[in-house]
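Listed below are the residues making up each chain.
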Amino acid sequence: MTHSTAHDSHHHAHDWAQLLRGRGLRATAQRMAVLEFLHDHPHSDAETVFQAIRPALPTVSLQAVHLIVQDLSGKGLIRRISLPDSASARYETRIEDNHHHIQCIHCGRIEDVDCVVGHAPCLEPDDTHGMRIIEASIVFRGICQDCDALINQQAKEKP
Ligand SMILES: [Zn+2]
Ligand SMILES: [Zn+2]
């Protein structure tokens, strides 16, 4: 195990091996490829990751990618997010803050938005029913500019 203290938010490609070993995981080519892809394409699901890394790693399977994202989120190297308008779980490497997501209800596009307060939980219910609150899972839902333009265009084209 290495003595990694790297915690800057801009992880470069060569940092993945160190990060993995720092969490007691072997730095396999498949794990590093998953991390690298998610870093460049946040909010991807396992299927998307699988399709993207397969050309370079022909022996990888979808099942393996599911296990890898499970391991990586279990070790806190990636964050798993589930959104109301997405059938499958999404993953991202931006783990160091309590940011939220905004999603277009029309095309499903997902973007990061900073936490409205800055720490979790950023909302506390009046009645917690005795539960210790860990986070308020906030997803902003809207319609992106492209979809708005499309909707307006379609409305105009109607007789
Ligand atoms: Zn949209
Ligand atoms: Zn995000």
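As recorded by an unreviewed UniProt entry, the chain carries the name Ferric uptake regulation protein and is attributed to Paenirhodobacter populi. UniProt, in the comment section headed Sequence similarities (unreviewed entry), describes the chain in these words: "Belongs to the Fur family." Comment text from UniProt for the chain, heading Subunit (unreviewed entry), reads "Homodimer."

(A) Highlighting unusual backbone geometry. The linkage connecting Ala 120 with the following residue, Pro 121, adopts the cis geometry, with an omega of -10 degrees. Tracing the chain through its elements places Pro 121 in the loop between strand S5 (110-113) and strand S6 (139-142). At His 43, a position not held by glycine, the phi torsion is positive, near 70 degrees. With respect to the helices and strands, His 43 occurs in the loop between helix H2 (29-40) and strand S1 (44-45). With a phi angle near 55 degrees, His 129 is a residue other than glycine that sits in the positive phi range. Its location among the elements puts His 129 in the loop between S5 and S6. Since its relative accessible area comes to 66%, His 129 is described here as exposed.

(B) Region of interest: the nonpolar core. In this structure, Val 34, Val 49, Ile 53, Val 60, Val 65, Leu 72 and Ile 78 are the most contacted members of the largest nonpolar core, which totals 23 residues. By residue number, the principal contributor to this core is helix H4 (residues 62-74), which donates five residues. Once residues lying within four places of it in the same chain are set aside, the contact partners of Ile 53 are Gln 30, Ala 33, Val 34, Phe 37, Val 60 and Val 65.

(C) Layout of the coordination of the zinc ion (ligand 1). Surrounding the zinc ion (ligand 1) are the protein donor atoms Cys 104 (SG), Cys 107 (SG), Cys 144 (SG) and Cys 147 (SG), which sit 2.3 Å from the metal. Here the zinc ion (ligand 1) binds four donor atoms, and the angle range of 103 to 117 degrees at the metal identifies the geometry as tetrahedral. Mapping the donors of the zinc ion (ligand 1) onto the primary sequence yields the spacing C-x2-C-x36-C-x2-C. Here the residue Cys 107 occupies a position in the loop between strand S4 (100-104) and S5, and Cys 147 occupies one in helix H5 (residues 145-157), the gap between them amounting to 40 residues.

Calculation rules
Position labels on residues start from 1 in each chain and follow its written sequence. Key to labels: chains lettered from A, ligands numbered from 1, both in the order written. With the structure being a predicted model, the display of local features is reserved for residues of pLDDT at least 70 and the display and counting of side-chain atom pairs for 80 or more, all residues being used for whole-chain, interface and lining totals. Hydrogens and waters are ignored; side-chain quantities use all the structure's heavy atoms. UniProt positions are given in the numbering used here, feature names are shortened, and annotations may be inferred rather than shown by experiment. Only runs of H or I of at least four residues qualify as helices and only runs of E of at least two qualify as strands under DSSP, and these elements are numbered from the N terminus. Working definition: with a 1.4 Å probe on protein chains only, accessible area under 20% of the residue-type maximum means buried, over 50% means exposed, and in between means partly exposed. As used in this record, nonpolar core signifies buried Ala, Val, Leu, Ile, Met, Phe, Trp, Tyr and Cys residues forming a set joined through side-chain atoms within 4.5 Å. In this analysis, two residues are considered to be in contact whenever any of their non-hydrogen atoms come within 4.5 Å of each other. Shown as donors are all N, O and S atoms within 2.8 Å of a metal ion, widened to 3.2 Å for Na, K and Ca; because water is not in the atom set, sites may appear incomplete. Irregular is the default label, applied whenever a site is not tetrahedral (four donors, all angles between 85 and 135 degrees) and neither square planar nor octahedral (four or six donors, opposite donors over 155 degrees apart, all other angles between 65 and 115).

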